[in-house]
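So you can see what is in the structure, the chains are spelled out below.
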Amino acid sequence: MCHSVSPYKKQNESIVSTLTSNPSAPLTELNDVVSELQKLMFYPDGKLSTTACQSILEFNQKESRVKEVCDLKKIKLRPDDSRIYLIIKRKPISSTNYIGLIEKLYDHFFGTISLTMEEYFETWMQWRATESSVTEKTTKENRFLWNALLKDQEITKVPLNSLSAKDYIHYFRIITKDRQLTRKRFNDLKSIMNGILYLAVENEVIDHNCLRDINFKQFAFKAEENNIKPYTEEERLQIINHLGDDFYSLAIKLDFHLVLRIGELKGLKWDDIKDDTIYIRRFIDDQNKVIEDIKGHASQGKRQMPLTPNALKILEQIRLQNPNSEYIFIRNDQPLATVTFNRRLKKCCEELGIEYRSSHKLRFSTASIMYKNGVEDTELQKLLGHTSLNMTHHYLRCLNPQEETASKMRAILG
């Protein structure tokens, strides 16, 4: 990039000449030139105001700190435009004048340009709390993962602008060595790091998110323990038939007729029902706040699903118990409690001798049972509100008991 000749050419030449002619001389010999520059820049009218005094004081403090970390006697003059510069880590930092150079050097060593990931993590967490719709639960999970995998790591103490893709790859190889992490845990970690780096790019702390340059297929992960067993078709019917007609029992029964997250179930309103269809438009978070959106904030999340005749009968029973609320499961200004929901489900399972699985497994179970009985995976994707078919397949667990599978193998294979 071509620069015009510095308007401070005279002062710059004087500074470099002084340093070149007597490299061992103390930097105080530059005081007269620096004072002349301060007058030109901070009080050109010759009146030393309070603001000018403050500017001079701040400059002197910055100059003092810069002297602690780099050798200002190595300042050079560019012959083409008379700008002065200093080489830092093989890169030139230049300015039209000495005061500007000190400002840039200060920013490099002590300003935002020197921020580490450790420091910027807190900035990111604060930004998410004030500028995004992330839940408190998610931020707690993020901090837990940060403390487990990133806190006090060498990579978090290096200035962000000094890190390269090679540095991140080295760190990832260390933490994935001997398959220490599952892919899910690694991806959760990567999401945190991406969030920090993209915010740093947005705020011009760094120019580029280096994670985009990494081939993540090179890392090996610990096998996932996919031991989440959904309720079987038989178990579902046993539970529905065993439950009574109290408020929480009816909630469990209805959930077994839908494929909803527990927060979405809590957020249902009576006017979400149109004939034999129910519209999913909101959820209630773990702080009992009504969120007029769907978890994940994807457009696929807001959806509709058919209500079966049995589901409509259950809703009629619920309305008799909760006729005055606009919400199906908010009574006396109190939403359905997940803990109570699960406690009631667990009690029912114990009474039936069925292995208990929490409210989230109802969503797994209903989707898997529907798939087993002929509902296409693409239809289930819409009902579940998933953005990808891969996510839907995660829900479609095999429901055949082990003995049934063994029987089929004997019949087929002999």
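Structure: see above.
As a starting point, this report considers the structure included with it. Computed from a predicted model, the values in this text were never measured in an experiment.

### A short note on helix 9 (residues 233-242)
Of the positions making up helix 9, those classed as buried are E235, R236, I239 and I240. The arc that holds the buried residues of helix 9, viewed along the axis, is 130°, so those residues lie on one side. Pointing more than 90 degrees away from the buried face of helix 9 are the exposed residues E234 and N241.

### Some remarks on the nonpolar core
Core analysis: the largest hydrophobic core is formed by 43 residues, its most contacted members being I239, L254, I278, I318, I328 and F329. Where this core is concerned, the elements lending two or more residues are helix 9, helix 10 (247-255), strand 5 (277-280), helix 12 (309-321), helix 13 (338-352), helix 14 (359-372) and helix 15 (377-384). No other element matches helix 10, which puts six residues into this core. Setting aside residues no more than four positions away along its own chain, I318 makes contact with F247, L250, L254, W270, I328 and F329.

### Some remarks on the packing of helix 1 (residues 9-21) against helix 2 (residues 31-42)
With their axes 10 Å apart at the nearest point, helix 1 and helix 2 run at an angle of 160° to one another. The angle between helix 1 and helix 2 places the two elements in the roughly antiparallel class. As for the relative orientation of helix 1 and helix 2, their crossing is left-handed in sense. Where helix 1 abuts helix 2, its residues K10, Q11, S14 and I15 lie against V33, E36, L37 and L40. Considered class by class, the residues forming the contact of helix 1 with helix 2 number four nonpolar, two polar and two charged.

### A look at helix 3 (residues 50-69)
For helix 3, built from 20 residues, the straight-helix expectation of 28 Å at 1.5 Å per residue is met to within 8% by its first-to-last C-alpha distance of 30 Å. Among all positions of helix 3, only A52, I56, F59, E63 and V66 are buried. Taken around the axis of helix 3, the buried residues stretch over an arc of 90°, which confines them to a single face. Exposed residues lying more than 90 degrees from the buried face of helix 3 are T50 and E68. Looking at the packing, one finds that the buried side of helix 3 touches helix 2 and helix 4 (98-110).

### Examining the pairing of strand 5
Inspection of the sheet shows strand 4 (residues 273-274) paired to strand 5 by two bridges, in the antiparallel sense. By the bridge assignment, I273 is partnered in strand 5 with I278. Between strand 4 and strand 5, which follow one another and run antiparallel, lie two residues, and D275 among them has a positive phi close to 60°. Taken together, the four bridges between strand 5 and strand 8 (residues 303-306) define a ladder with antiparallel strand orientation.

### Considering the pattern of salt bridges
Under the counting rule described, the total for this entry stands at 20 salt bridges. For E118, the salt bridge is made with K157, and the minimal N-O distance between the two is 3.0 Å. Of this pair, E118 sits in helix 5 (residues 117-131) while K157 sits in the loop between helix 6 (136-149) and helix 7 (165-176); the two residues are 39 residues apart in sequence, bridging distant segments of the chain. Accessibility expressed as a relative area gives 29% for E118, which makes it partly exposed. One salt-bridge network, in which partners are shared between bridges, spans D272, R281, R282 and E292.

About the thresholds
- Residues numbered from 1 in each chain as written.
- Predicted model: local features only at pLDDT ≥ 70, side-chain atom pairs only at ≥ 80, totals over all residues.
- Heavy atoms only, no water.
- Buried < 20%, exposed > 50% of the residue type's maximum accessible area, 1.4 Å probe, protein only.
- Helix = DSSP H or I, 4+ residues; strand = E, 2+ residues; numbered from the N terminus.
- Arc of directions from axis to C-beta.
- Core = buried A, V, L, I, M, F, W, Y, C linked by side-chain atoms within 4.5 Å.
- Contact = heavy atoms within 4.5 Å.
- Axes fitted to C-alpha atoms, helices over the stretch in contact; angles between N-to-C directions.
- Parallel < 35°, antiparallel > 145°, perpendicular 65-115°, else oblique.
- Left-handed = near helix turned anticlockwise from the far one by under 90°.
- Nonpolar A, V, L, I, M, F, W, Y, C, P; charged D, E, K, R; others polar.
- Expected span 1.5 Å × (residues − 1).
- Pairing = 2+ DSSP bridges.
- Salt bridge = Lys/Arg side-chain N within 4 Å of Asp/Glu carboxyl O.

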